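# Analysis of the macromolecular model
Residues per chain, in single letters:
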Amino acid sequence: MEKGHKRVLPGFERLRIILMFFMCIDLFGLPTTAGELIRTMCGFVPIAFFILSGYLVLRDDDDRPARILRGIKRTAIVFGVLFVVYFVMNYFYYRQQGANILPVFSEWRFWFNFLVMNVWQFEIGNAIWYVQALLYAYIIIYFLDKWKLLKYDRLIAAVLLLITVLTGEFAGIFKWNVAGYTYLPGNFLTRALPYVLLGAFLHRKMKTFGAVRRLWYRLAIVGGIILTIIEPIILGTAGVPGYYGHLLGYGVVAVSVCMLAFKDNKESGFESTLKMSRWHTNCIYYFCQPVSFLVALIMSRLDKEIIANLIGFVGIIVFIISFGLAWLVAYIGRTYFKKKTNG
């Protein structure tokens, strides 16, 4: 629990669970055309998580430098573990298909794409980019704070968001080409940092934004969804291809759902019974990729007709299994620390 923020935690944890559901849908899909549309709209999920991180970690008090350092250490450990786990999983996955991924690690382009462009290039583990981008953001923020530059967070965030738009969905308008890249799917500087800084700004201005009625945020979510749908259509019709992984509508939806969570301080009976926590939500993230791998292995041994009927529901299946495993781990962890404290 974040000291001083107990009143917003119920809304936070509720939002985290909802976001994790949509993340599983984004990664593994839903059936039918409507499912593809929902999957397209899931791009707001990582932005919302980044905003939540900035809101909690970068609040302006004496403990902020220590929180940033804890964020760096915690995220670095998670990133290192996930990298090793996903490497092992991919190694055996590709070996089963008669391919060897080891030579790829000697190519400079692989490391450039991975370290600079923040792009995971293997079949399993594409969600690792999120924790990697968050690690980059925390490291940069540490130096911004050390050099007394965080007071310019609004300006920095605005410039980075402008770069994100110009090198993403609007890249086709300017038709630039740098080292073979006609657009940037993301990079170490813009993938997370502007949204984490935005979260800090929302925290500082919570009195102002918190006074806005919930209805307006709900309407903003609807507007953001509409913008997410029509923006690629307009750009595509105009013959301006770009990268649609970060759209203006995503930002509108992410900010709006976060503000609804920040304003919500009521814990439901469901959440109280499960005792949901940040650890619970993190475990869903850790489990979803390995679980999807196991689900795929099991499905590969089923009848083709059964596979055809199940394939669109993998996202839901993975979320349910990951949710259950996360709850079990969180329960065991709570029990262990409770006994340790009492003992």
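Residues numbered from 1 in each chain as written. Predicted model: local features only at pLDDT ≥ 70, side-chain atom pairs only at ≥ 80, totals over all residues. Heavy atoms only, no water.

## Overview of helix 7 (residues 153-166)
If you check helix 7, its first and last C-alpha atoms are 20 Å apart, about what 14 residues at 1.5 Å a residue would give, namely 20 Å. Turning to helix 7, its buried residues are Asp153, Ala157, Leu160, Thr164 and Val165. Viewed end-on, helix 7 has its buried residues packed into an arc of 140°, placing them on one side of the element. Structural note: helix 7 exposes Leu155 and Leu162 on the side pointing more than 90 degrees away from its buried face. For helix 7, the elements touching its buried residues are helix 8 (171-174), helix 9 (193-204) and helix 12 (248-263). (Helix = DSSP H or I, 4+ residues; strand = E, 2+ residues; numbered from the N terminus. Expected span 1.5 Å × (residues − 1). Buried < 20%, exposed > 50% of the residue type's maximum accessible area, 1.4 Å probe, protein only. Arc of directions from axis to C-beta. Contact = heavy atoms within 4.5 Å.)

## Here we look at the side chain of Thr164
If you trace the backbone, Thr164 turns up in helix 7. Aside from chain neighbours lying at most four places away, what touches Thr164 is Glu169, Thr190, Tyr195 and His246.

## Some remarks on helix 12
Taking 1.5 Å of rise per residue, 16 residues should cover 22 Å, and helix 12 covers 23 Å from first to last C-alpha, within 8% of that figure. Most of helix 12 sits out of view: 13 of its 16 residues are buried.

## A closer look at the confidence of the model for the protein
Overall, the prediction assigns the protein a mean pLDDT of 87, with 91% of residues at 70 or greater. Across the protein, the element-wise mean pLDDT spans from 61 in helix 13 (residues 269-274) up to 96 in helix 6 (residues 128-146). (pLDDT = per-residue confidence, 0-100.)

## Section: the packing of helix 4 (residues 64-96) against helix 14 (residues 278-300)
Packing of helix 4 against helix 14 leaves a shortest axis separation of 11 Å and a crossing angle of 5°. Taken as axis vectors, helix 4 and helix 14 run roughly parallel relative to one another. Contacts between helix 4 and helix 14 involve Arg74, Val78, Leu82, Tyr86, Met89, Tyr93 and Gln96 from the first element and Arg278, Tyr285, Tyr286, Gln289, Pro290, Phe293 and Leu297 from the second. Split by residue class, the contact of helix 4 with helix 14 holds ten nonpolar, two polar and two charged. (Axes fitted to C-alpha atoms, helices over the stretch in contact; angles between N-to-C directions. Parallel < 35°, antiparallel > 145°, perpendicular 65-115°, else oblique. Nonpolar A, V, L, I, M, F, W, Y, C, P; charged D, E, K, R; others polar.)

## Quick notes on unusual backbone geometry
The bulk of non-glycine residues show a negative phi, and the bulk of peptide bonds are trans. With a phi close to 60°, Asn118 is a non-glycine residue in the positive phi region. By the element assignment, Asn118 lies in the loop between helix 5 (108-116) and helix 6. A positive phi angle is found at Lys148, which is not glycine, with a value near 60°. The topology assignment puts Lys148 in the loop between helix 6 and helix 7. For Lys148, a relative accessible area of 62% corresponds to the exposed category.

## What to know about the packing of helix 3 (residues 44-57) against helix 9
Between helix 3 and helix 9, the shortest axis-to-axis distance is 6 Å and the interhelical angle comes to 50°. As the angle between them shows, helix 3 and helix 9 are arranged oblique. Crossing hand, helix 3 versus helix 9: right-handed. In contact with Ile47, Phe50, Ile51, Gly54 and Tyr55 of helix 3, helix 9 contributes Tyr195, Val196, Leu198, Gly199, Ala200, Leu202 and His203. (Left-handed = near helix turned anticlockwise from the far one by under 90°.)

## A few points about the packing of aromatic side chains
For the coordinates displayed, the defined rule picks out 39 aromatic pairs. Relative to Phe114, the ring of Phe79 lies with its centre 6.1 Å away and its plane at 20°, an arrangement referred to as stacked. Of this pair, Phe79 sits in helix 4 while Phe114 sits in helix 5, and the two are 35 residues apart along the sequence. Of the two residues, Phe79 and Phe114, both sit in the buried class. Their ring planes at 80° and their centres at 5.9 Å tell us that Phe83 and Trp120 sit as a pair that is edge-to-face. With Phe83 in helix 4 and Trp120 in the loop between helix 5 and helix 6, this residue pair connects regions lying 37 residues apart in the sequence. Here the two residues Phe83 and Trp120 agree in accessibility, since each one is buried. The side chain of Arg191 reaches across the aromatic face of Trp129, ending 3.9 Å from its centre. (Phe/Tyr/Trp six-rings, centres within 6.5 Å; stacked < 30°, edge-to-face > 60°. Lys NZ or Arg CZ within 6 Å of the ring centre and 35° of its normal.)

## A few points about a nonpolar patch on the surface
There is a patch of nonpolar side chains on the surface, built from Leu37, Val222, Ile225, Ile226, Ile229, Ile230, Ile233 and Ile234 and spanning about 650 Å² of accessible area. Mapped onto the secondary structure, Ile230 falls in helix 11 (residues 214-237). Residue classification places Ile230 among the partly exposed positions, given a relative accessible area of 36%. (Patch = residues over 30% accessible without salt bridge, like charges linked within 9 Å, V, L, I, M, F, W, Y side chains within 5 Å. Areas by Shrake-Rupley, 256 points an atom, 1.4 Å probe, with all protein chains shown as cover. Salt bridge = Lys/Arg side-chain N within 4 Å of Asp/Glu carboxyl O.)

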